[in-house]
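Here's the letter readout for the chains.
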Amino acid sequence: MLGPVILAASRSDKMRRFISAAPGTKQVVDRFIAGESVDQVVPIVEDAAGKGLEVTLDVVGEDITTPAQAEAARDAYLELVERLKVLDLGVRAEMSVKLSMFGQALEGGHELALANVRPVVEAAAAIGTTVTLDAEDHTTLDSMFAIHEELRKDFPQTGCVIQSYLFRTEADARRLAAAGSRVRIVKGAYKEPASVAYQNKAEIDKAYVRVTRILMEGEGYPMIGSHDPRLIAVAQELGRQAGRKLDEYEFQMLYGIRSDEHVRLAAEGHRMRVYTAYGTDWYGYFMRRLAEKPANLLFFARSVLTKG
């Protein structure tokens, strides 16, 4: 029940100031955010690679208000590409981007976001890796999918994300589950109205299974974004039923959550990718992590009380 309240707070400047100043915030933020700069995140990427893990890197900060900020976001990703080039990890270190960070919500935002993200996708391809377009709230998705389709004309490895809690997602999954596609399925972490999204956890989970089946039975490459042991087991079984080898799909989990499970799945032969966020504008990302799981909120509350 607290999830929608927390998601509403993620858009509040007053709550942003309050939480940023809370004594225990940094301890909890450090659990989910790998660092503030690319210099801090590179050793984490190297450590993950040494454990047989893959990563997708997210420079946090989607709440931009000017074209100059969108260009700065583009440049931050281009800097990241240059650092990944030296590591020579190829697709083992890809990137995830939110088009809002590239100016999607500004005037002329669709064209602006496409113009800003294209150089990042091009630079990623030049070093042998790729980019996945994150899904945001439902009002942004038609634009995101159109940009995804446009980018795939020149960079067919470009991935995208779909969210099981939206009614539209099963149709999106059928359209996207084509040869050469890369699709990440997640539950969804934005406050959505009952007119477009399931509100009940059980219904969201059932939809997640239906969408995962569509992706596994399709011709693309499914990316299973979940920490739920039941959904992980279901995905493994659906992959087996579809005749997929272990390297023909992958699991993705967030940095700082169930780290032992990351290693276990990789040891079993699965491709296991860790969604690793970094940067200074962490507030929106952090609040969605709190909203997703009550244990995260309890951890934050204990830290604040302890430090307080």
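Scroll up to find the structure.
Criteria and thresholds
Residue numbers run consecutively from 1 along every chain, following the written order of its sequence. Per-residue local features are limited, in this predicted model, to residues with pLDDT of at least 70; the limit for side-chain atom pairs, both in listing and counting, is 80 or more; totals at the level of whole chains, interfaces and linings are taken over all residues. The side-chain values count all of the structure's non-hydrogen atoms but skip hydrogen atoms and water molecules. Only runs of H or I of at least four residues qualify as helices and only runs of E of at least two qualify as strands under DSSP, and these elements are numbered from the N terminus. Exposure categories follow from relative accessible area, calculated using a 1.4 Å probe and restricted to protein chains: below 20% of the type maximum is buried, above 50% is exposed, and the middle band is partly exposed. In what follows, a contact means two residues having at least one pair of non-hydrogen atoms within 4.5 Å. DSSP calls a pair of strands paired once it identifies at least 2 bridges connecting them. Crossovers are described as right-handed under a simple rule: with the strands pointing away from the observer, the path leading from the first strand over the helix to the second runs clockwise. As a rule, the C-alpha atoms of each element are fitted with a line to give its axis, helices using only the stretch in contact, and angles between N-to-C directions run from 0 to 180 degrees.

> Which residues make up the overall build of the protein chain, and what are the values?
Counting its secondary structure elements, the protein chain contains 13 helices and eight strands. Looking at the protein chain as a whole, 52% of its 308 residues are labelled buried. Considering only contacts in the protein chain between residues 6 or more positions apart, those separated by 24 or more positions represent 73%.

> Outline the pairing of strand 7 (residues 250-254), supporting the account with residue identities and numerical values.
With five of five residues buried, strand 7 is to be regarded as a mostly interior element. Neither face of strand 7 is open: one carries Glu-250, Gln-252 and Leu-254, the other Phe-251 and Met-253, and all of them are buried. Where strand 6 (residues 221-225) and strand 7 come together, three bridges link them in parallel fashion. Directly across from Gly-225, in strand 7, lies its bridge partner Gln-252. With helix 10 (residues 229-241) bridging strand 6 and its parallel neighbour strand 7, the resulting β-α-β unit is right-handed. Note on the crossover from strand 7 through helix 11 (residues 259-267) to strand 8 (residues 271-278): the handedness is right-handed.

> Lay out the sheet that holds strand 1 (residues 54-59) in plain terms, naming residues and giving numbers.
Pairing within the closed barrel is parallel, and its eight strands lie in the order 1-2-3-4-5-6-7-8. Pairwise comparison of adjacent strand axes, ignoring direction, gives a mean angle of 30° for this sheet. Two elements, strand 2 (residues 93-97) and strand 3 (residues 131-133), share three bridges in a ladder whose sense is parallel. Bridge pairing links Ser-96 to Thr-132 in strand 3. Strands strand 3 and strand 4 (159-163) of the sheet are contacted by helix 7 (residues 141-154), whose axis makes an angle of about 155° with strand 4.

> Which residues make up the pairing of strand 4, and what are the values?
In terms of burial, strand 4 is a largely internal element, five of the five residues being buried. Covered by surrounding structure in strand 4 are Gly-159, Val-161 and Gln-163 together with Cys-160 and Ile-162, the residues of both alternating faces. In the sheet, strand 3 pairs with strand 4 via two bridges, with the strands oriented parallel. Counterpart to Thr-132 in the pairing with strand 4 is Gly-159. In this view, the connection linking strand 3 to its parallel neighbour strand 4 by way of helix 7 has right-handed handedness. Note that the unit made of strand 4, helix 8 (residues 169-176) and strand 5 (residues 182-186) has a crossover that is right-handed.

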